[in-house]
Amino acid sequence: MSGVLLLNKPSGLTSNQSLQIIKRFFGATKAGHTGTLDPMASGLLPLCLGEATKFSAMLLNADKTYHATLKLGYLSSTGDAEGEIIAAVSAKLNHEKLNLLQVQEVLQTFKGRIKQTPPMYSALKFNGKPLYYYARKGEEVERKSRDIVIYDLYLDSWMGDEMSIVVHCGTGTYIRTLAEDIGKALGWGGAYLISLCRSQVGNFSLQQAYQLDQFQGAFSSEYDAYLYPIDSLLQNFPSITLNEAESLFLCQGQWIRNKHKIDLSGGTRVKLYDSSGLFFGVGEITETGAIAPKRLISNKI
């Protein structure tokens, strides 16, 4: 059993708790996710079962879309509703004079490549331990800002001190930090997340996902109806169909000459299909233009 399950993770559960429910339901021996969602967050969580776990990292760097609701004028120790909430120091600025056009103009300043400092409540490592380890002890660790990309950001609704936005962003973006920075830029002194829903990961959308309560029963062997094929994780990869001899060489760990009508630069990864159209792994174009095996499905070897 191998494939990709698109799950609509409910708020209140960790990504790993959701993963374990799915793993038990399908009786999977191997399972993993392609990037976690915070417990408070809901939405699209692609899960990999069986041989698909070998390719889960391929989706880690995919762009994502979030629907976020902000509480303006307050700060949270965690950046969301689960932390200690305090009024923002500068919440009494001229935010009452803001009009819709001004809000939209402020949001536009966050689009493109910007700098962002990761929050203390994050899984980034410092001296071998995640930052949240230090945060829970009340310790502050110096973090370096890093580049992130916001492809699109727009206002969905705004009433009083609550604002909903839609964010289409690149990997490594912390929506909690973005919410706080937007609150400060609007003159409210800060903001924190009331709710967060991920609606898109790469080419996968929330509309394709299953609800978790659909998998609360006993083990099911009818997994084909729920799973997307492994190569759905690699939708933007170019593909090559190989003859029987070429497939055999690659499965034995050898490189082959690129006799196919595909001209790619060294380092480019490609989807590999055998002569029957069966996906059996990922190859990589070498500096000399040959095709070398990168990651293959076990039952093909």
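Scroll up a little and you will see the structure.
Residues numbered from 1 in each chain as written. Predicted model: local features only at pLDDT ≥ 70, side-chain atom pairs only at ≥ 80, totals over all residues. Heavy atoms only, no water.

## As for the overall build of the protein
Here is the rule: Secondary structure elements are defined from DSSP: runs of H or I of at least 4 residues count as helices, runs of E of at least 2 residues count as strands, and each element is numbered from the N terminus. Residue burial is assigned from relative accessible area. The probe radius is 1.4 Å, only protein chains are included, and a residue is buried under 20% of its type maximum, exposed over 50%, and partly exposed in between. It only takes one pair of heavy atoms within 4.5 Å for two residues to be counted as in contact. For the area figures, the Shrake-Rupley method with a 1.4 Å probe applies, and any residue is considered shielded solely by the protein chains shown.
Across its full length, the protein carries five helices and 18 strands. Taken along its principal axes, the extent of the C-alpha atoms in the protein is 70 × 50 × 40 Å. Considering the protein as a whole, with its 301 residues, one finds that 48% of them fall into the buried category. Within the protein, counting contacts between residues at least 6 apart in sequence, those at least 24 apart form 68% of the total. Surface exposure of the protein reaches about 15,400 Å², of which carbon and sulfur atoms provide 49%.

## Brief notes about the environment of Ser205
Tracing the backbone through its elements, the reader meets Ser205 in strand S13 (residues 204–205). Those residues in contact with Ser205, other than ones at most four positions away along the chain, are Leu44, Ser199 and Gln200.

## Observations regarding the state of the cysteines
Selection rule: Here, a disulfide means two cysteine sulfur atoms that sit within 2.5 Å of each other.
Counting across every chain of the model gives zero disulfides. In this model Cys48 remains outside any disulfide bridge; the closest cysteine sulfur is found in Cys169, 20 Å from its own. Summary of cysteine pairing: Cys169 is not part of a disulfide, and the nearest cysteine sulfur, belonging to Cys197, is at 13 Å.

## Quick notes on the environment of Ser195
Within the element layout of this structure, Ser195 appears in strand S12 (residues 191–201). Owing to a relative accessible area of 32%, Ser195 belongs among the partly exposed residues under this scheme. Taking C-alpha positions, Ser195 is 25 Å from Arg143, a pair spaced 52 residues apart along the chain.

## So, the side chain of Thr78
As a reminder of what qualifies: Any pair of N or O atoms that falls within 3.5 Å is considered a polar contact. Within protein, one atom must be able to donate a hydrogen and the other to accept it, and sequence-neighbouring residues count only if both atoms are side-chain atoms.
Take Thr78: it is sitting in the loop between strand S5 (74–76) and strand S6 (85–87). Polar side-chain contacts of Thr78 include one of 3.0 Å to the backbone nitrogen of Gly83. Every residue in contact with Thr78, bar those within four places of it in the chain, is listed here: Gly83, Tyr121 and Arg176.

Read these as layout, nothing more, since geometry by itself doesn't imply function.
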